[in-house]
Number of protein chains: 2
Amino acid sequence: MANDSWIPDYKPSSDFSLANIPFGIISTPDYQTPRPAIAIGDSALDLKTWLATINEEKLLDVFPGVDIGQLNHALNQPTLNTFAALGRPVHRIVRNGIQELLRRDTPFQQLLRNNEEARAKALKRLSEVTMHLPMEIGDYTDFYAGYHHAYAVGVMFRGPENALQPNYMHLPVGYHGRASSIVVDGTPIRRPVGQILLDPKAEPKRPMTGPTRKLDIELELGCFISKANEMGEPVDVKQAEEHIFGYVLLNDWSARDIQAWEYVPLGPFNGKNFGTTISAWVVLADALEPFKMKSEIENRTELQGYLKEAGEKGVFDIKLEVDLTTADGSTTTIGRTSSKYLMWSFPQMIAHHTLGGCPLRPGDLLGSGTISGPGGVEERGSLLEMTENGKKEVLLAGMNTRTFLKDGDSVSLRGFCADNGSGVRVGFGRCAGTIYSAVQR
Amino acid sequence: MANDSWIPDYKPSSDFSLANIPFGIISTPDYQTPRPAIAIGDSALDLKTWLATINEEKLLDVFPGVDIGQLNHALNQPTLNTFAALGRPVHRIVRNGIQELLRRDTPFQQLLRNNEEARAKALKRLSEVTMHLPMEIGDYTDFYAGYHHAYAVGVMFRGPENALQPNYMHLPVGYHGRASSIVVDGTPIRRPVGQILLDPKAEPKRPMTGPTRKLDIELELGCFISKANEMGEPVDVKQAEEHIFGYVLLNDWSARDIQAWEYVPLGPFNGKNFGTTISAWVVLADALEPFKMKSEIENRTELQGYLKEAGEKGVFDIKLEVDLTTADGSTTTIGRTSSKYLMWSFPQMIAHHTLGGCPLRPGDLLGSGTISGPGGVEERGSLLEMTENGKKEVLLAGMNTRTFLKDGDSVSLRGFCADNGSGVRVGFGRCAGTIYSAVQR
């Protein structure tokens, strides 16, 4: 595929290159119904509106073998759930067709490039569109597959001898998260109030109630489910790829002091459920396929059969970055890592999640767990690690320092895959949120 | 209100008495669209169909002040979410109106009692209807508010000195559960396969994968949310009653061996997410109001302000029973307790859940946690407690014994409030499920 597009100002080095074609839900000031779109360069193609301008026969040329009525129905929804449920073979044809439509030497010139009416109606600048949550998220599960994060946090709380729990190398540890507080890129996040034990050593223990003093981020990769499995029917790890729709960046905001007091014995609750931010554009599984690799984490434990994958390439080399912008407007990149440090692949997570028969549904979201690299503080995916739980300061631009987040701080995650040979880039766009002050009590 | 109804075969001692009027979602062989109904005695009144037979003016007599168009819309849905979202004042008027409609000396004789067409269309025997999940459940949260259960399990695993974690008396401990595997009464439950550590003392630890050997029940009360709170906006404990739609029985099936290996440090996951059964009929909050009482559990800990309720009566005296039926058809009541042993009220759980701003939505489900009484094994809400984690057998009818559940076993929860003065009973109907065999591997 020639990597060049007729889209105005198109650059192959855009996050939303022709090699990407991510899907999202947009609205515009003149047409406020949320609807499916794809991103290309600095533009969005409103799929619902575009499909309505083209007759069905011509669409079959672009999307051969696809049930156009079904596709039309799926792209007339306010979320991508129905489209996701069409399955990965359909996503593949649709993405390929859109790539054909958008490349400079497109064989379908009359359907968009040279069709002024369709262009005017359906092609929007990204700066003009409002992004919405791409999926209606039924259930959200957060895993803990970032080995270096799990190890570093374990050392901090239990010492190097017992850093990892005995189950860690045997199964992808995960827990159920809160779906109702997942928000799209750009949504402000309120500093949560919670019960906090300021002095853990004093007896009797006397918690207080107040705004968190340890507001943190968690740099994660999110995975959306496309194909459902029936309750009672596990998904085979070798079939699990067919159940994946695509990927987003995910920031699982965390209040470390609330979490520390509440989490024994049933796990994190109010320390996490006040907000989780995801990037707006879903990068389809096929767009990331060229960037698959073997995990950097070697697991010498003999795996249970249900976790054994067919090949070795289970994870992606997605470069990940964390920017922190303080209220004075100065920005510092405080973390740089890669998703190649995940110890478990998403197919393994899906196989484990469904082993006992738990049904996954289209739109369900799986988080990878915080991703950190093996190096120093600059490779960490959480402030907890960067500051050793608040003991050390992170130095920022503009003479600023931080242990945890202050009101007015913005955190923005970025992620991209780059093929150095071709200059092609597949990126996620932004996953950002700004902290505002807690409820006054 | 005279406690007698013109409904055929009506008895005030029915679970679904005139004092109850629970809401559910039914379908029938001749009309398969799921739709809202109420239960009365051995009958169901199909509200969607009934409303369609009555003109709007007359409905205003039955439901004074209610927006009839809005009510019609809410009762034309396949779940009760829209009706729940109308708010507790509307639920109160609708329940009162239906009570008036159904009592023997109803002032609305022409609307149903003496209206043959309406009766034929809308009044069904319960034995003829199929029940569906009453709500679309966005998020499911399971608390741990049953004091005697938490204490007994704590003693079993950590000894009496450390039975309760330090946070237990300060906050309603809870965790996020799995919404996708919540099923309605009668749905079969497949024995889950999972990772199990058969010998926890051997080093290195070698888990195996297989069907759970410790399949258990958890006797709980479930609470459905009606009114949403905005993200970032906590619900005051004194306003929390207005956010409650009603209650169901809940069996949080648990695989104790899977849970034991997986749950550190992030809490239960596959040990719980293979299935949760709820009773089909939602008992409205107002129907339980006369049975409110002070919790039997004294908490001498000074509560944080946000957990302090206006009155003392926070819990209900709902008598709870667990029946176990083995494959040979013999039934034993293995547990008898009451929801008065919950240490935290649902308004306290709601205040805690939303303290950091977590949004609750109509249809969200809160579980109480397993409810056990202070007495012997016959007052326990789980086999884990009854058998001391499999060490002792429970004796059953028909020469049977159990430590944990076998394939073919059925467990049925029952719950009811009884006013000994008037003979009035408000009950939940059945919450049952039968175990079938695990996936062959």
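Up top is the structure these notes are about.
Residues numbered from 1 in each chain as written. Chains lettered and ligands numbered in written order. Predicted model: local features only at pLDDT ≥ 70, side-chain atom pairs only at ≥ 80, totals over all residues. Heavy atoms only, no water.

Each helix and strand in chain A was counted, giving eleven helices and 27 strands. Here chain A has a C-alpha radius of gyration of 22 Å; the compact-globule value for 441 residues is 22 Å, and the two agree. Projected onto the principal axes, the alpha-carbon positions of chain A cover approximately 75 × 55 × 40 Å. As displayed, chain A offers around 16200 Å² of accessible surface, 49% of which is attributable to carbon and sulfur atoms. Considering chain A, the positive charge centre built from 45 side chains and the negative charge centre built from 53 side chains are found 4 Å apart. (Helix = DSSP H or I, 4+ residues; strand = E, 2+ residues; numbered from the N terminus. Rg over C-alpha atoms; globule rule 2.2 N^0.38 Å. Areas by Shrake-Rupley, 256 points an atom, 1.4 Å probe, with all protein chains shown as cover. Lys, Arg positive; Asp, Glu negative; His and termini not counted. Charge placed at Lys NZ, Arg CZ, Asp CG, Glu CD.)

Let us now look at the interface of chain A and chain B. With 62 residues of chain A in contact, the opposing surface of chain B contributes 62 residues. Roughly 5700 Å² is buried in total at the junction of chain A and chain B, and carbon and sulfur atoms are behind 57% of that figure. Inspection of the chain A/chain B interface yields six salt bridges. Linking chain A with chain B are 43 residue pairs in polar contact (both at pLDDT 80 or more). Of all the secondary structure elements, the ones that give two or more residues to the side of chain A that touches chain B are β6 (140–143), β7 (174–176), β9 (189–190), β10 (193–196), β11 (208–211), α8 (256–262) and α10 (346–353) of chain A. Among the residues making up the side of chain A that touches chain B, the classes are represented as 30 nonpolar, 22 polar and ten charged. (Contact = heavy atoms within 4.5 Å. Buried area = accessible area lost by both parts, 1.4 Å probe. Salt bridge = Lys/Arg side-chain N within 4 Å of Asp/Glu carboxyl O. Polar contact = N/O pair within 3.5 Å; in protein donor to acceptor, adjacent residues only side chain to side chain. Nonpolar A, V, L, I, M, F, W, Y, C, P; charged D, E, K, R; others polar.)

Our focus in this paragraph is the sheet that holds strand β4 (residues 123–125) of chain B. Residues and elements named next belong to chain B. Taken together, five strands build an open sheet; the order of strands is β4-β3-β2-β1-β5 and the sheet is antiparallel. The open sheet is flanked by β4 and β5 (130–132), the only strands paired with a single partner. Ignoring which end each strand starts from, the neighbouring axes of this sheet average 45 degrees apart. When strand β1 (residues 23–28) meets strand β2 (residues 31–40), the two strands line up antiparallel, connected through five bridges. Within β2, the residue paired with Thr-28 across the bridge is Tyr-31. Across the face of the sheet, helix α5 (residues 88–102) comes into contact with β1, β2 and β3 (43–46) while running at roughly 80 degrees to β2. (Pairing = 2+ DSSP bridges. Axes fitted to C-alpha atoms, helices over the stretch in contact; angles between N-to-C directions.)

Moving on, we come to the layout of surface pockets. Estimates place the volume of the largest pocket at around 1100 Å³. If you go around the largest pocket, you meet 40 residues; those closest to its centre are Phe-157, Gln-259, Ala-260, Trp-261 and Tyr-263 of chain B. Elements with a minimum of two residues in the lining of the largest pocket: β6 (140–143), α7 (147–158) and α8 (256–262) of chain B. Sorting elements by how many residues they give to the lining of the largest pocket places α8 of chain B first, with five residues. Taken as a whole, the second largest pocket spans an internal volume of roughly 990 Å³. Lining the second largest pocket are 36 residues; nearest its centre among them are Phe-157, Arg-256, Gln-259, Ala-260 and Tyr-263 of chain A. Contributing elements (two or more residues each) for the lining of the second largest pocket: β6, α7 (147–158) and α8 of chain A. Of the residues belonging to the lining of the second largest pocket, the class tally is 18 nonpolar, eight polar and ten charged. (1 Å grid on protein atoms, 1.4 Å probe; cavity = no way out; pocket = protein on both sides within 12 Å on 5 of 7 lines; lining within 4 Å. Points joined across faces, edges and corners; volume = space filled by probe spheres on them.)

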